[in-house]
Amino acid sequence: MCFGCKGKGSERCSLNSIIDKEINPFVDKWEEEGQFPAHKVFKILGQAGFLGVDKPTEYGGMGLDFSYNIAVAEELGNIRCGGIPMAIGVQTGMATPALTRFGSDELKKQFLVPTIAGDFVACLGISETGAGSDVANIKTTAVRKGDEYVINGGKMWITSGSQADWMCLLANTSEGPPHQNKSLICLPMNLPGIHVAKKIDKLGMRSSDTAQIFFEDVRVPCKNLIGEEGNGFTYQMLQFQEERLWGVASALTPLETIIQETIDYTRQRKVFGRPVLHNQTVHFRLAELAAEVELLRSLLHRAVALYVEGNDVTKFASMAKLKAGRLTREVTDSCLQFWGGMGFTNEVLVSRLYRDLRLMSIGGGSDETMLSIICKYMDILPRK
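Residues numbered from 1 in each chain as written. Predicted model: local features only at pLDDT ≥ 70, side-chain atom pairs only at ≥ 80, totals over all residues. Heavy atoms only, no water.

### What about the UniProt feature "domain: Acyl-CoA oxidase/dehydrogenase middle" (unreviewed entry) in the chain?
Following the UniProt record, one finds the feature "domain: Acyl-CoA oxidase/dehydrogenase middle" (unreviewed entry) at residues 123-218. The span residues 123-218 shows a helical share of 0% and a strand share of 51%, and its end C-alpha atoms are spaced 17 Å apart. (UniProt positions renumbered as here; feature names shortened; annotations may be inferred. Helix = DSSP H or I, 4+ residues; strand = E, 2+ residues; numbered from the N terminus.)

As structure tokens, this is what we get:
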């Protein structure tokens, strides 16, 4: 993967060179600190063009189709942790698709342009303490008063929440049915009444800051509304498809890396006089896992190809997300076992990704939610 830098002169760079020089040497430090410098890293990525691969050229993007964003996601899997790729994914494929597709030109110039450039860090405000995968149950309100919305409530599990410059916020803007009373709003994070309550101490994804945020009579101009009022739930469901496909893509390279590093370790690690890898149960299992990763890649690429052609890929995206969640657990658990005692330390990548990739079955829609969506599309979900 190599796109040309957008900086001055004839200098060229690849995403891998940025990862090798600007990110991986500092991952251990950022993991210990519980946060990576998002503005610094995003500015480097923005200058190279990697934060707007599939965004319109008039707003600073490359104007390529979504499949190129997926290629970037796969390449970001070379980062030696899960937290930083996840935060980049929020920036490129979770907080900005609805703004790109439905936002006004003024909103795009105010929020999308600096986000693509890496000058702004974006976050997505959907989940709450009582509403995670159940998006329709959110309680945060945005009440229209004159030419402003007054926002009250709170959001939970917000990636980059303590560093973000703006939030793509989902809030209830009326008293209507739960699927028709929500709107997406571009919310600057420096407004009075926004309180970052705490940075959450997580099991994994430790280099990515995750915040709990409260809103107390926060006033934002009504012109910050994305698209039409009341269509926020629909916009977010569309936005979820790109998020889920991106998440699957970002997991493929780490899974391959874990398998290869486990092969390398078990080839040189001897038990009872012979390499661990020479045990049939070990090399058969690694071969089986490698086959599963390739099957997941094929499903992802099929879904992306259909999506680029303009098809509804909700079912395939949900299947891929479900399979990725299950497979990341399977690969990391099996490989960690083959590392023995070393796998139970923080000195090897497999233990970090064992923790980091566990989120795949929870974030962006749980496995159980994916199963419900698939059942709905198969017309086998019991009706209420």
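After presenting the structure, the write-up continues.
### Considerations on the pattern of salt bridges
Counted under the stated rule, the structure contains 21 salt bridges. One salt bridge connects K29 with E33, and the closest N-O pair in it is separated by 2.8 Å. On the criterion of helical spacing, the pair formed by K29 and E33 is a turn pair, its members being four residues apart in helix α2 (residues 27-33). In this structure, E292 and K323 form a salt bridge, with 2.9 Å as the shortest nitrogen-oxygen distance. (Salt bridge = Lys/Arg side-chain N within 4 Å of Asp/Glu carboxyl O.)

### Things to note about the UniProt feature "domain: Acyl-CoA dehydrogenase/oxidase C-terminal" (unreviewed entry) in the chain
Those residues carrying the UniProt feature "domain: Acyl-CoA dehydrogenase/oxidase C-terminal" (unreviewed entry) are residues 230-376 in this numbering. Strand forms 3% of residues 230-376 and helix 75%; the C-alpha atoms that close the span are 24 Å apart.

### Regarding helix α8 (residues 232-268)
Side chains of residues three or four places apart in an α-helix project in the same direction, reflecting 3.6 residues per turn. Between its terminal C-alpha atoms α8 stretches 54 Å, which fits the 54 Å expected from 37 residues at 1.5 Å a residue. For α8, the tally of buried residues reaches 28 of 37 residues, placing the bulk of the element in the interior. (Expected span 1.5 Å × (residues − 1). Buried < 20%, exposed > 50% of the residue type's maximum accessible area, 1.4 Å probe, protein only.)

### Some thoughts on unusual backbone geometry
The phi dihedral of S160 is positive, around 65°, even though this residue is not glycine. Of note, S160 is situated in the loop between β3 (148-159) and β4 (166-172). Owing to a relative accessible area of 1%, S160 belongs among the buried residues under this scheme.

### Describing the pairing of β4
The side chains of a regular strand alternate, first on one face of the sheet and then on the other. Where burial is concerned, most of β4 is hidden: seven out of the seven residues are buried. By the bridge criterion, seven bridges tie β4 to strand β5 (residues 182-188) in an arrangement that is antiparallel. What sits directly across from C168, in β5, is C186. (Pairing = 2+ DSSP bridges.)

### Considerations on the packing of aromatic side chains
Following the criterion strictly, the structure yields seven aromatic pairs and no others. Arranged with centres 4.0 Å apart and planes meeting at 15°, the rings of F102 and Y235 form a pair that is stacked. Of this pair, F102 sits in helix α6 (residues 97-102) while Y235 sits in helix α8; the two residues are 133 residues apart in sequence, bridging distant segments of the chain. Among the aromatic side chains, those forming a connected cluster through ring pairs are F26, W30, F36 and F42. Note that K40 overlies the ring of F26, its terminal NZ or CZ placed 5.9 Å from the centroid. In this structure, R244 packs its charged tip against the face of F240, placed 4.5 Å from the ring centre. (Phe/Tyr/Trp six-rings, centres within 6.5 Å; stacked < 30°, edge-to-face > 60°. Lys NZ or Arg CZ within 6 Å of the ring centre and 35° of its normal.)

### Things to note about the side chain of N181
Within the fold, N181 resides in the loop between β4 and β5. For N181, a relative accessible area of 7% puts it in the buried group. Polar side-chain contacts of N181 include one of 3.2 Å to the backbone oxygen of S174. Polar side-chain contacts of N181 include one of 3.0 Å to the side chain of K182. If near-sequence neighbours (up to four positions away) are discounted, N181 is found in contact with A171, N172, T173, S174, E175, G176 and G230. (Polar contact = N/O pair within 3.5 Å; in protein donor to acceptor, adjacent residues only side chain to side chain. Contact = heavy atoms within 4.5 Å.)

### A closer look at the packing of helix α1 (residues 15-23) against helix α4 (residues 66-76)
For the pair α1 and α4, the least separation of the axes is 10 Å and the interaxial angle reads 30°. Taken as axis vectors, α1 and α4 run roughly parallel relative to one another. α4 is crossed by α1, and the crossing has right-handed handedness. Listed contacts from α4 to L15, N16 and I19 of α1 are V72, E75 and L76. Considering only residue class, the contact of α1 with α4 consists of four nonpolar, one polar and one charged. (Axes fitted to C-alpha atoms, helices over the stretch in contact; angles between N-to-C directions. Parallel < 35°, antiparallel > 145°, perpendicular 65-115°, else oblique. Left-handed = near helix turned anticlockwise from the far one by under 90°. Nonpolar A, V, L, I, M, F, W, Y, C, P; charged D, E, K, R; others polar.)

### Section: the environment of F102
According to the relative accessible area criterion, F102 is partly exposed, its value standing at 27%. Sequence-wise, F102 and E228 are 126 residues apart; in three dimensions their C-alpha atoms are separated by 8.3 Å. In this structure, F102 is in contact with I226, G227, Y235 and L238, ignoring residues within four places of it in sequence.

### What to know about the state of the cysteines
A complete count under the given rule lists zero disulfides for this structure. A disulfide-free cysteine, C123 has its sulfur positioned 8.9 Å from the sulfur of C168, the nearest such atom. The cysteine C335 is free of any disulfide, with C81 supplying the nearest cysteine sulfur at 18 Å. Taking relative accessible area as the criterion, C335 reaches 0% and is therefore assigned buried. (Disulfide = S-S within 2.5 Å.)

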